[in-house]
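One letter stands for each residue in the lines below.
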2 protein chains.
Amino acid sequence: MRLVGVVGEDWPAEHTEFLRSRRIDTAGLRVVPGARTFRWRGKYQRNMNDRQTVDVQLNVMEQFDPVLPEDFRRCPFVFLANGSTEIQLKVLGQCLGANLIVADTMDLWIRTERQQLNELLRRIDGLVLNDSEAKLLTEDDNLVRAGHRVREMGPRFVVIKKGEHGAMFFSRHETYVLPAYPTARVVDPTGAGDSFAGGMMGYLAEQGNFEPRTLKEAMAYGILVASFTVEDFSLERLKNIERADLDRRMDEYRRMLTF
Amino acid sequence: MRLVGVVGEDWPAEHTEFLRSRRIDTAGLRVVPGARTFRWRGKYQRNMNDRQTVDVQLNVMEQFDPVLPEDFRRCPFVFLANGSTEIQLKVLGQCLGANLIVADTMDLWIRTERQQLNELLRRIDGLVLNDSEAKLLTEDDNLVRAGHRVREMGPRFVVIKKGEHGAMFFSRHETYVLPAYPTARVVDPTGAGDSFAGGMMGYLAEQGNFEPRTLKEAMAYGILVASFTVEDFSLERLKNIERADLDRRMDEYRRMLTF
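Summarised in this report is the structure supplied together with it.

Analysis parameters
- Residues numbered from 1 in each chain as written.
- Chains lettered and ligands numbered in written order.
- Predicted model: local features only at pLDDT ≥ 70, side-chain atom pairs only at ≥ 80, totals over all residues.
- Heavy atoms only, no water.
- Helix = DSSP H or I, 4+ residues; strand = E, 2+ residues; numbered from the N terminus.
- Buried < 20%, exposed > 50% of the residue type's maximum accessible area, 1.4 Å probe, protein only.
- Contact = heavy atoms within 4.5 Å.
- Areas by Shrake-Rupley, 256 points an atom, 1.4 Å probe, with all protein chains shown as cover.
- Lys, Arg positive; Asp, Glu negative; His and termini not counted.
- Charge placed at Lys NZ, Arg CZ, Asp CG, Glu CD.
- Phe/Tyr/Trp six-rings, centres within 6.5 Å; stacked < 30°, edge-to-face > 60°.
- Axes fitted to C-alpha atoms, helices over the stretch in contact; angles between N-to-C directions.
- Parallel < 35°, antiparallel > 145°, perpendicular 65-115°, else oblique.
- Left-handed = near helix turned anticlockwise from the far one by under 90°.
- Buried area = accessible area lost by both parts, 1.4 Å probe.
- Salt bridge = Lys/Arg side-chain N within 4 Å of Asp/Glu carboxyl O.
- Polar contact = N/O pair within 3.5 Å; in protein donor to acceptor, adjacent residues only side chain to side chain.
- Nonpolar A, V, L, I, M, F, W, Y, C, P; charged D, E, K, R; others polar.
- Pairing = 2+ DSSP bridges.
- Right-handed = clockwise from strand over helix to strand, strands pointing away.
- Least-squares fit on C-alpha atoms with pLDDT ≥ 70 in both.

**A word on the overall build of chain A**
Broken down by element type, chain A carries ten helices and ten strands. In terms of its C-alpha atoms, chain A occupies a principal-axis envelope of roughly 55 × 40 × 40 Å. In chain A, buried positions account for 48% of the 259 residues. Long-range contacts, defined here as pairs at least 24 residues apart, represent 58% of the contacts in chain A between residues at least 6 apart. When the accessible surface of chain A is summed, it comes to about 12,900 Å², and 46% of that surface belongs to carbon and sulfur atoms. On chain A, the mean spot of the 36 positive side-chain charges and the mean spot of the 38 negative ones are 2 Å from each other.

And the structure:
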């Protein structure tokens, strides 16, 4: 796993150490002296599903001009995490060996970088976004129609994340929804969407293909990784689990959906 | 299938005819001369999931004193549809041969008939209610905890309906969620919850048992009957489908949840 990103000098070195301990190549992580890391502050509703942004500071993200290390350019599975569409396009242009490119986006870019987003949509294989973003992008309140409309904008498949209600998948031949894993312990949903994408992409990269059935399994892994993330703050819960815990929950999840 | 209920003289006779054509015994349907049928008017949000009650007129329901025909009292599977808890208790008291009693309720009764509801909860086997009602009843915003808390109030199992997000099941040994069937055609969600309960109870009665696996299949049937109901106004869509259409959608639904 290779990471490309930018942080400020407020970034604790132990975070990088932790990523390395999980076999993540951090050669693409730039630390900008005299600058601060991107920050988001928000407020969750009592249902822990809806949230309001209180403050966003782009900081180092504002001037980030990603340059990929040579060996990163041959990565077969690329995930363009949520960030400005401009930056995503810059990374995309350097990924010459990619077999599968999936991107995330958010309301801010849908509103402010629509033209670049339209270009991005034509150049990626998959898009991951949440329900309200899908409605905003398509101006359609029916998620089934919205999912297919986003797909018609370019990507071969679209995933709509529904927070505590799971995730939907759309391709030309498939429409399905998988529920979230029902956890009684929701401490902090921040990062659940990113964990979903990480779990999904990690599984695809591990399997080395993106056949329909692998994509569905990857969706399930994404849902389960996210279900752990919300059980504590930050990465605390993920730090404390191993692959076996994830696979155990996967067995339970499969049983839950079998009748 | 046997129906107990009350309507006013505004009730069109063809509705009764339609019920009979579907092999529903309407001997328990009372038509009160000079009175009007229960009415509900509401407004759906653009998402077609959240709604506001604009007007409720209890009308004939207000004075309804249900007396079950003799052969109705031996019904093994009883569903106490949403109505005042007082009325539900009166029916319950007459169901002497019931093996399984399931009830529905709503916010109005949770707020105004709490004592009777507590009694009802101790006397039924299963309760079906929607997500906001479960939160109201337990004052817990986490649905997994809320489901189990309702269960601790009496019923052996609890079903929480989540509208377009499916339904959750809670028993002492099981917690699961099944997603809704993703339909692009949501015309009118009115009656989806009742259709869910009807599909679920109909399947249980057909199978003649309520083993855990039958209950899960019944949940799925409920979800699918509701998915047809929302595709048109009133009973229009249900009038136009047959059991084979339902079973076809069930095959698709099972495939959707298999990976």
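**Overview of the side chain of S84 of chain A**
Residues and elements named next belong to chain A. Within the fold, S84 resides in the loop between β5 (77–80) and α2 (85–92). When its relative accessible area of 11% is taken as the criterion, S84 is described as buried. Not counting residues up to four positions away in its chain, the partners in contact with S84 are M61, W109 and E113.

**What to know about the packing of aromatic side chains**
Going through the model one piece at a time under the given rule, you end up with twelve aromatic pairs over all chains. Ring geometry for F259 of chain A against Y253 of chain B: centres 6.1 Å apart, planes inclined by 45 degrees, an arrangement best described as tilted. With one member in each of two chains, F259 of chain A in the segment after α10 (243–256) and Y253 of chain B in helix α10 (residues 243–256) form a pair that bridges those chains. Residue F259 of chain A is classed as buried on the basis of its relative accessible area, which comes to 19%.

**Some words on the packing of helix α7 (residues 192–207) of chain A against helix α8 (residues 212–229) of chain A**
Residue and element names in this part refer to chain A. At a minimum axis distance of 7 Å, the contact between α7 and α8 shows a crossing angle of 140 degrees. If you check the angle between α7 and α8, you find them oblique. Regarding α7 and α8, the two cross each other, and that crossing is right-handed. Every residue of α8 that contacts α7 at A192, S195, F196, G199, M200, Y203, L204 and Q207 is listed here: T214, L215, E217, A218, M219, Y221, G222, I223, V225, A226 and T229.

**Here we look at the interface of chain B and chain A**
Contacts between the two partners involve 35 residues from chain B, matched on the other side by 35 residues from chain A. Both faces combined, the contact of chain B with chain A buries some 2,700 Å², and carbon together with sulfur accounts for 59% of it. The three residues of chain B that bury the most area against chain A are D141, H165 and F259 of chain B, which together make up 25% of that side's buried surface. Between chain B and chain A we count two salt bridges in total. Where R46 of chain B meets D141 of chain A, a salt bridge forms, and the shortest distance between an N and an O atom there is 2.6 Å. At the boundary of chain B and chain A, one finds 18 residue pairs in polar contact (both at pLDDT 80 or more). Elements that contribute at least two residues to the side of chain B that touches chain A include exactly α6 (143–152), β10 (175–178), α8 (212–229) and α10 of chain B. A per-element tally of the side of chain B that touches chain A places α10 of chain B first, with five residues. A per-class count over the side of chain B that touches chain A returns 17 nonpolar, six polar and twelve charged.

**Considerations on the pairing of strand β1 (residues 2–8) of chain A**
Residue and element names in this part refer to chain A. Note: β1 against strand β2 (residues 25–32), six bridges, orientation parallel. When the sheet's bridge partners are listed, G5 is paired in β2 with L29. Crossover handedness for the path β1 to helix α1 (residues 13–21) to β2: right-handed.

**Some remarks on the relation of the copies chain B and chain A**
Taken as rigid bodies, chain B and chain A are interconverted by a rotation of 180 degrees and an axial shift of 0.0 Å, the fit giving an RMSD of 0.0 Å. Viewed as a symmetry operation, the transformation between the two copies matches a two-fold axis.

**Remarks on the sheet that holds strand β9 (residues 167–171) of chain A**
Residues and elements named next belong to chain A. Sheet architecture is open: six strands sit in the order β5-β6-β7-β8-β9-β10, paired in mixed fashion. If you trace the sheet from one side to the other, it starts and ends with β5 and β10 (175–178), each paired once. Recorded for the sheet is a direction-independent mean angle of 15 degrees between the axes of neighbouring strands. With four bridges connecting them, β5 and strand β6 (residues 100–104) associate as parallel partners. The partner of F79 across the bridge, within β6, is V102. Strands β7 (126–130) and β8 (157–161) of the sheet are contacted by helix α5 (residues 131–138), whose axis makes an angle of about 110 degrees with β7.

**A look at the sheet that holds strand β6 (residues 100–104) of chain B**
Residues and elements named next belong to chain B. The six strands lie next to each other as β5-β6-β7-β8-β9-β10, forming an open sheet whose pairing is mixed. Strands at the two margins of the open sheet, each flanked by one partner only, are β5 (77–80) and β10. Strand-to-strand twist of the sheet, defined as the mean angle between neighbouring strand axes without regard to direction, takes the value 15 degrees. With three bridges joining them, β6 and strand β7 (residues 126–130) adopt parallel strand pairing. By the bridge assignment, V102 is partnered in β7 with G126.

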